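Structural overview
Residues per chain are reported as follows:
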Amino acid sequence: MRDLEIITSAKVMAYEELDAPVRELVDAARAATAGSYAPYSHFKVGAAIRLSNGSIVTGANQENVAYPSGTCAERSACYWAGANAPEETFEMIAVAAVGTDGLPCATPAAPCGACRQALLEYEMRAGHDVPVILAGALEIYCLPSVKSLLPFAFTEF
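A separate point is the overall build of the protein chain. Along the backbone of the protein chain there are 3 helices and 6 strands. Listing the helices and strands of the protein chain from first to last along the sequence gives β-α-β-β-α-β-α-β-β. Here the C-alpha coordinates of the protein chain stretch approximately 45 × 40 × 35 Å along the principal axes. Out of the 157 residues belonging to the protein chain, those deemed buried represent 43%. The contacts of the protein chain with a sequence gap of at least 6 include a subset with a gap of at least 24, amounting to 66%. Put simply, the protein chain shows about 8600 Å² of open surface, and 56% of that area lies on carbon and sulfur atoms. Distance between charge centroids for the protein chain: 2 Å, based on 10 positive and 18 negative side chains.

Okay, structure coming up:
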């Protein structure tokens, strides 16, 4: 028997420390929270994906009384991009959340497991690491790739 240690590194930054293209993506993810439909959880999430052509696609979580018929912000953005710009690859993704108090979450919210797996497939299609930016009100976590969020990913397909 042996132990296996999994370590995920992230840079912790303030908004002001981000370069302009990353700030633009964070701003888009924060703005996307306005499109959230969250009458049950009151937890609003926005996601923004920069595509290889430079465009930014956004999505927001959409809840439904017939849970789990809704979808998360990350998957609404990535599936829209996949359906409407299938020739483009993902270059970077940002996620932001607004808590039940109506204020931006102080600490970053991370994608759920289903979103991590969905985003990983798009990262694999891109053929390169896709950085992930998790934006909280006080701190922003910059991760090197989707894979860094899902170390035991399902990749045999």
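On we go.
We now examine the pairing of strand E6 (residues 140–143). Two elements, strand E1 (residues 11–13) and E6, share 3 bridges in a ladder whose sense is antiparallel. Within E6, the residue paired with Val12 across the bridge is Tyr141. In this structure, strand E5 (residues 132–135) lies alongside E6, joined through 4 bridges in antiparallel fashion. Across the sheet, Ala135 pairs through a bridge with Ile140, a residue of E6. Between E5 and E6, which pair antiparallel in sequence order, lie 4 residues.

Calculation criteria
- Positions within a chain are numbered from 1, following the residues in the order the chain's sequence is written.
- Local features in this predicted model are restricted to residues whose pLDDT is 70 or higher, and side-chain atom pairs enter the listing and the counts only when it is 80 or higher, whereas totals over whole chains, interfaces and linings include all residues.
- Think of the side-chain values as coming from all heavy atoms in the structure, minus any hydrogens and water.
- Only DSSP runs of H or I reaching four residues or more are called helices, and only runs of E reaching two or more are called strands; each is numbered from the N terminus.
- Think of it in three bands: residues with accessible area under 20% of the maximum for their type are buried, residues over 50% are exposed, and the middle band is partly exposed, with areas taken using a 1.4 Å probe on protein chains only.
- By the convention used here, residues are in contact when the closest approach between their heavy atoms is within 4.5 Å.
- Reported accessibility uses the Shrake-Rupley method at a 1.4 Å probe radius. Residues are deemed covered only where the shown protein chains occlude them.
- By the counting scheme adopted, Arg and Lys are positive, Glu and Asp are negative, and His together with the chain ends is not counted.
- Taken as the charge location is NZ of Lys, CZ of Arg, CG of Asp or CD of Glu.
- DSSP calls a pair of strands paired once it identifies at least 2 bridges connecting them.

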